Amino acid sequence: MNAPSSPYRSGFACFVGRPNAGKSTLTNALVGTKVAITSDRPQTTRHTVRGIVHRPDAQLVLVDTPGLHKPRTLLGERLNDLVRSTWAEVDVIGFCVPADQKLGPGDKFIAKELAEIKKSTPKVALVTKTDLVDSKRLAEQLIAVHQLGAELGIEWAEIIPVSAVGDKQVDLVADLLTKLLPEGMPLYPDGDLTDEPEQIMVAELIREAALEGVRDELPHSLAVVVEEMIPREGRPADRPLLDIHANVYIERQSQKAIVIGAKGARLKHVGTTARKQIEALLGTPVYLDLHVKVAKDWQRDPKQLRKLGF
């Protein structure tokens, strides 16, 4: 007799961790394409991006939240609320800890919050960025994560070392997360990789390009809004062109020069970098029109936050 086939599983998994713990990079590696922006700047993610992993036996929907942090602005408070509401709704939680940094107050703060979540939600510890450390340092970090769970009463369903950049154990992470999902039918059509609207993804790609190589304080002050995306009229069917008009918002007039650069060189570089990423995402040639605008202290202004989509 043939053994019964495994039941199909589907559900939501959420990666949590302090800023810059590798959550977005791992999401992109699991999905197999870029659905979350990455940067070496902390606090890059501002939206919960859903990446969809399609398997013969399961559909794993990854929710990539902003990093939980001690908020200093109204934006920070809203991002933290977004994280906590997401935790309450997912089927499994992955706690991301980078292998190359000792456990700090931020990790412990998040772990304490996880300890408060209902016991029935499985929690997996993911030690990320293993390509940056040797085996001794990795072993120490795995033990430290195990002990942190024991101290707080968290029983990790798994503790998994992974390198998204080095493609080490990414498939194993997918296997183990999938086993923890409930049985159920697919939640999204086959072929869908994210449910994030294209306009939001385009704005995020522009913001990622704008974040590269700027001063430390500037990323928190950068927001991008895509005003319109419209096909250019009168183009032949075999040579389409998509016109994208977007505004890059900063908080102070003094920051405008940083974003634009000498004789507009920096903004031009941002536009070129973002356009290539957008064309790869949408599969069509793009004309990208960027403008830099000042929205004074927008992170602290409820009206401005609404306008910018927070």
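Right above here is the structure, for reference.
Sequence order as written defines residue numbering, which begins from 1 separately in each chain. For this predicted model, a pLDDT threshold of at least 70 governs which residues receive local features, and a threshold of 80 or more governs which side-chain atom pairs are given and counted, while totals over whole chains, interfaces and linings are taken from all residues. The side-chain numbers reported here are obtained from all heavy atoms of the structure, hydrogens and water having been left aside.

1. Observations regarding the overall build of the protein chain
Thinking step 1. For helices the rule is a DSSP run of H or I covering at least 4 residues; for strands it is a run of E covering at least 2, with both sets numbered from the N terminus onward. The helix and strand tally for the protein chain stands at 9 helices and 9 strands.
Thinking step 2. A buried classification covers 49% of the 310 residues belonging to the protein chain.
Thinking step 3. Of all intrachain contacts in the protein chain linking residues separated by at least 6 positions in sequence, the fraction that spans at least 24 positions is 71%.
Thinking step 4. Accessible areas in this description were obtained via Shrake-Rupley with a 1.4 Å probe; residue shielding takes into account the shown protein chains only. When the accessible surface of the protein chain is split by element, carbon and sulfur atoms take 52% of a total near 15,400 Å². Partly exposed residues are those whose accessible area sits between 20% and 50% of the maximum for their type, while under 20% is buried and over 50% is exposed, using a 1.4 Å probe and protein chains only. In what follows, a contact means two residues having at least one pair of non-hydrogen atoms within 4.5 Å.

2. Some details on the packing of aromatic side chains
Thinking step 1. For Phe, Tyr and Trp, rings pair up if their centres lie within 6.5 Å, where Trp contributes its six-membered ring, and each pair is then called stacked (planes under 30 degrees apart), edge-to-face (over 60) or tilted (otherwise). Taken as a whole, this structure holds 1 aromatic pair when the rule is applied.
Thinking step 2. Measuring from ring centre to ring centre gives 5.6 Å for F95 and W156, while their planes differ by 10°; the resulting arrangement is stacked. In this pair, F95 sits in strand β4 (residues 92-98) while W156 sits in the loop between α4 (135-152) and β6 (158-161), placing the two residues 61 residues apart along the sequence.
Thinking step 3. Of the residues examined, W156 reaches a relative accessible area of 11% and is grouped as buried.

3. A look at the pattern of salt bridges
Thinking step 1. In the sections that follow, a salt bridge refers to a side-chain nitrogen of Lys or Arg positioned within 4 Å of a carboxyl oxygen of Asp or Glu. One pass over the full model with this rule turns up 8 salt bridges.
Thinking step 2. Between E204 and R207 there is a salt bridge, with its nearest N and O atoms 3.4 Å apart. Remark: R207 and E204 occur in helix α6 (residues 198-211); sequence separation between them is 3 residues, near one turn of the helix.
Thinking step 3. For E204, a relative accessible area of 10% puts it in the buried group.
Thinking step 4. On the basis of relative accessibility, which here comes to 2%, the residue R207 falls in the buried class.

4. Focus: the environment of V224
Thinking step 1. Mapped onto the secondary structure, V224 falls in strand β7 (residues 223-231).
Thinking step 2. For the pair V224 and L290, spaced 66 residues apart in sequence, the C-alpha to C-alpha distance is 9.6 Å.

5. A closer look at the nonpolar core
Thinking step 1. Within the largest apolar cluster, 26 residues are counted, with the highest numbers of intra-cluster contacts made by I206, I244 and I278.
Thinking step 2. Counting residues per element, the ones that place at least two in this core are α6, β7, β8 (242-250), α8 (265-282) and β9 (286-294).
Thinking step 3. Element by element, the count of residues in this core is highest for α6, at 7 residues.
Thinking step 4. Beyond its immediate chain neighbours, meaning those up to four positions away, I206 contacts V224, V226, A246, V248, V270, A274, I278, L288 and L290.
Thinking step 5. Only buried residues count toward a nonpolar core, which is a set of Ala, Val, Leu, Ile, Met, Phe, Trp, Tyr and Cys residues joined through side-chain atoms within 4.5 Å. Counting residues in hydrophobic clusters, the runner-up holds 23 residues, among them W87, I93, I110 and V127.

6. Considering the sheet that holds β9
Thinking step 1. Strand order in the open sheet formed by 3 strands is β7-β8-β9, and the pairing between neighbours is mixed. What marks the edges here is a single partner per strand, and that holds for β7 and β9. Strand-to-strand, the axes of this sheet are offset by a mean angle of 15°, without reference to chain direction.
Thinking step 2. Direction of pairing for β7 relative to β8: antiparallel, over a ladder of 8 bridges. From the neighbouring strand, E228 faces β8, where its bridge partner is H245.
Thinking step 3. Sitting on the sheet, α6 is in contact with β7, β8 and β9, with an inclination near 125° to β7. Paired strands are those between which DSSP finds at least two bridges. Axis angles are defined between N-to-C directions and span 0 to 180 degrees, where every axis is a line fitted to C-alpha atoms and, for a helix, only to the segment in contact.

7. A short note on the packing of helix α7 (residues 253-260) against α8
Thinking step 1. Here α7 crosses α8 at 60°, and the two axes come no closer than 5 Å. Taken as axis vectors, α7 and α8 run oblique relative to one another. Seen from α7, the contacting residues are I258, V259 and I260; seen from α8, they are A265, R266 and L267.
Thinking step 2. Three classes are used, and their members are as follows: Ala, Val, Leu, Ile, Met, Phe, Trp, Tyr, Cys and Pro are nonpolar, Asp, Glu, Lys and Arg are charged, and the others, Gly among them, are polar. Classifying every residue of the contact of α7 with α8 gives 5 nonpolar, no polar and 1 charged. By the definition adopted for this analysis, an angle is roughly parallel if under 35 degrees, roughly antiparallel if over 145, roughly perpendicular if from 65 to 115, and oblique otherwise.

8. Considering unusual backbone geometry
Thinking step 1. If you check the backbone angles, D167 has positive phi at about 55° while not being a glycine.
Thinking step 2. For D167, the location among the structural elements is in the loop between β6 and α5 (170-179).
Thinking step 3. Classification of D167 as exposed rests on a relative accessible area of 58%.
Thinking step 4. Although it is not a glycine, K263 sits at a positive phi angle of roughly 55°.
Thinking step 5. As for its placement among the helices and strands, K263 is situated in the loop between α7 and α8.
Thinking step 6. Given the relative accessible area of 90%, K263 is considered exposed.

9. Description of helix α1 (residues 23-31)
Thinking step 1. Extensive coverage of α1 is indicated by the burial of 7 of its 9 residues.
Thinking step 2. By the burial criterion, the buried members of α1 are K23, S24, L26, T27, N28, L30 and V31.
Thinking step 3. Looking at the residues trailing α1, positive phi occurs at G32, about 95°.

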